[in-house]
Amino acid sequence: MGFQCGIVGLPNVGKSTIFNALTASAIQAENYPFCTIEPNIGIVPVPDARLDKLADLVHTRNKVSTQMEFVDIAGLVKGASKGEGLGNQFLGHIRQVDALVHVVRCFEDNNIVHVDGSVDPLRDVTVINTELILADMETVDRRLVRTKNQAKSGSKTLLAEAEMLERLQRHLDAGNPARSFVCEEEQHQKILKELCLLSAKPVLYVANMSEDEVAGGNAHFQALEKLATEEAAELVRIAGAIEQEIAQLSPEEQKEYLAELHMEEPGLHRLIKAGYRLLGLLTFFTVGEKETKAWTIVKGTKAPGAAGKIHSDFERGFIRAEVIAYEDYIACGSEAAARDKGLMRSEGKDYVVRDGDCILFRFNV
């Protein structure tokens, strides 16, 4: 599907453990820095009870979840932007993803070394953010030098671009990530996107905690929670070690284990859903006895674009979309019953697809 969340953080904070649990892939997760060098990629189904209910309702023969990709990127250290700890290579991996899942260690364990000698979530977050910002400053500096040289021609457009880049430069120099930079001009927004700045990527914080403290929290979590609130960022707390155990169990064993832990669902489900929200995605469904499938699109996508997710011919020859809201589909019990009650709508090219829509596309090529 093409949407990737990169799992980042300092070495030994639990990134690979969490990735293992997400993908049940049993990749290397050792107690020393840089055990992950090449990024590991895992395709993970997005849990959605609506898909299960729709599939059961129509007795579908094949149920297909929508998916997200998670990329386990090696731990960054102070000086990464200057090449420390293979930093340039790892920063390049970050540049390829759509959003960041920043794993922060919020547990004490003398048996697991911390690269800086002690557990301090706020310091750890600052180290990662600083390295991303420093790398971005180099990117902006190069673009600014080029733009200023071109602006000697007197072009008002280039002079305005140089002014915007100088504002961005000051913003980054003050220690602020690019995602908080205010840029209203459409052309300048386009330039900002072209720069592919690392600190412009949306961030989800994951507090990796011990089994004993994940439910009630601790002082480390409270500090990270305060920071996430100030940044208006999402925060999920999980116990990576527990989640890795859960991932290895059968569905029935998982239910029993979760019941013992007084958990309704694995913490990783909350992480996946939060990543989904972070990227501004939504799900629509195609429903049938042969196959019931969840599809991922960006919020704001119109009906022809959604049809194109299924097949390019659907978008090219789009005629209309016949839409039933998920709640109406479940309440009526079938597509035919929803149509009889007038709850199936015929929508055209300008219809913006909503989360949970059950859609039948009509097309002609």
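Let me sum up the structure you'll find in this document. (Residues numbered from 1 in each chain as written. Predicted model: local features only at pLDDT ≥ 70, side-chain atom pairs only at ≥ 80, totals over all residues. Heavy atoms only, no water.)

Along the backbone of the protein chain there are 14 helices and 12 strands. Principal-axis analysis of the C-alpha atoms places the extent of the protein chain at approximately 65 × 65 × 35 Å. Expressed as a percentage of its 365 residues, the buried residues of the protein chain come to 47%. Taking all contacts inside the protein chain whose residues are at least 6 apart in sequence as the whole, residues at least 24 apart take part in 69%. Carbon and sulfur atoms make up 49% of the accessible area of the protein chain, which amounts to about 18,100 Å² in all. Across the protein chain, the 41 positively charged side chains and the 54 negatively charged ones have centroids separated by 8 Å. (Helix = DSSP H or I, 4+ residues; strand = E, 2+ residues; numbered from the N terminus. Buried < 20%, exposed > 50% of the residue type's maximum accessible area, 1.4 Å probe, protein only. Contact = heavy atoms within 4.5 Å. Areas by Shrake-Rupley, 256 points an atom, 1.4 Å probe, with all protein chains shown as cover. Lys, Arg positive; Asp, Glu negative; His and termini not counted. Charge placed at Lys NZ, Arg CZ, Asp CG, Glu CD.)

Time to look at helix α5 (residues 156-173). Owing to its 3.6 residues per turn, the α-helix brings residues three or four apart onto one side. For α5, built from 18 residues, the straight-helix expectation of 26 Å at 1.5 Å per residue is met to within 8% by its first-to-last C-alpha distance of 26 Å. Along α5, the positions that sit buried rather than exposed are Leu158, Glu161, Ala162, Met164, Leu165, Leu168, His171 and Leu172. Where the residues of α5 are buried, they touch α4 (121-150) and α6 (186-195). A positive backbone phi angle near 90° is found at Gly175, which sits one or two residues after α5. (Expected span 1.5 Å × (residues − 1).)

Running from N to C, α4 and α6 point in directions that differ by 125°, and their axes come no closer than 11 Å. Taken as axis vectors, α4 and α6 run oblique relative to one another. Judged by the sense of rotation from one axis to the other, the crossing of α4 with α6 is right-handed. Across the interface between the two elements, Thr139, Val140 and Arg143 from α4 touch Ile191, Glu194 and Leu195 from α6. Considering only residue class, the contact of α4 with α6 consists of 3 nonpolar, 1 polar and 2 charged. (Axes fitted to C-alpha atoms, helices over the stretch in contact; angles between N-to-C directions. Parallel < 35°, antiparallel > 145°, perpendicular 65-115°, else oblique. Left-handed = near helix turned anticlockwise from the far one by under 90°. Nonpolar A, V, L, I, M, F, W, Y, C, P; charged D, E, K, R; others polar.)

With that settled, consider empty space enclosed by the protein. Counted according to the given criterion, the structure contains 1 cavity of 30 Å³ or more. Around the largest cavity, the lining residues are Val8, Leu100, His102, Ile128, Asn129, Leu132, Arg179 and Val203. Counting only elements with at least two residues in the lining of the largest cavity, the list comes to β5 (99-105) and α4. Looking at the lining of the largest cavity, the element that brings in the most residues is α4, giving 3 residues. Of the residues that constitute the lining of the largest cavity, the class distribution is 5 nonpolar, 2 polar and 1 charged. (1 Å grid on protein atoms, 1.4 Å probe; cavity = no way out; pocket = protein on both sides within 12 Å on 5 of 7 lines; lining within 4 Å. Points joined across faces, edges and corners; volume = space filled by probe spheres on them.)

Turning next to the packing of aromatic side chains. Two numbers describe a pair of aromatic rings. These are the distance of the centres and the angle of the planes. This structure, assessed with the given rule, holds 4 aromatic pairs. Aromatic side chains Phe284 and Phe361 sit 6.0 Å apart centroid to centroid with 85° between the ring planes, which places their arrangement in the edge-to-face category. Here Phe284 is found in strand β8 (residues 281-286), whereas its partner Phe361 is found in strand β12 (residues 358-363), with 77 residues between them in sequence. Each member of the pair Phe284 and Phe361 is classed as buried. Measuring from ring centre to ring centre gives 4.2 Å for Phe314 and Phe363, while their planes differ by 25°; the resulting arrangement is stacked. (Phe/Tyr/Trp six-rings, centres within 6.5 Å; stacked < 30°, edge-to-face > 60°.)

To continue, consider the layout of surface pockets. One number sums up the size of the largest pocket: a volume of about 1,000 Å³. Pro45, Val46, Pro47, Asp48 and His269 are, among the 36 residues lining the largest pocket, the residues nearest its centre. Those elements that provide at least two residues to the lining of the largest pocket are α1 (15-23), β2 (40-45), α2 (49-58), α8 (240-247), α9 (251-260), α10 (267-278) and β8. Per-element tally for the lining of the largest pocket: the top contributor is α10, with 6 residues.

As for its position among the elements, Arg143 is in helix α4. Beyond its immediate chain neighbours, meaning those up to four positions away, Arg143 contacts Glu161, Leu165, Ile191, Glu194 and Leu195.

Attention shifts here to the nonpolar core. Counting residues in hydrophobic clusters, the biggest one holds 57 residues, and the most contacted among them are Leu22 and Phe70. Here this core gets 6 residues from one element, more than from any other, and that element is α10. Those residues in contact with Phe70 that sit more than four places away from it in its chain are Cys5, Ile7, Phe19, Leu22, Asn40, Ile41, Gly42, Val44, Val101 and Ile272. (Core = buried A, V, L, I, M, F, W, Y, C linked by side-chain atoms within 4.5 Å.)

Inspection of α8 places Gly240, Ile242, Glu243 and Ile246 among the buried residues, and these make up the whole buried set. All buried residues of α8 lie within an arc of 155° about the axis, which places them on one face of the element. Where α8 is buried, its residues meet α1, β6 (203-208), β7 (234-238), α9 and α10. (Arc of directions from axis to C-beta.)

None of this, on its own, says anything about what the molecule does.
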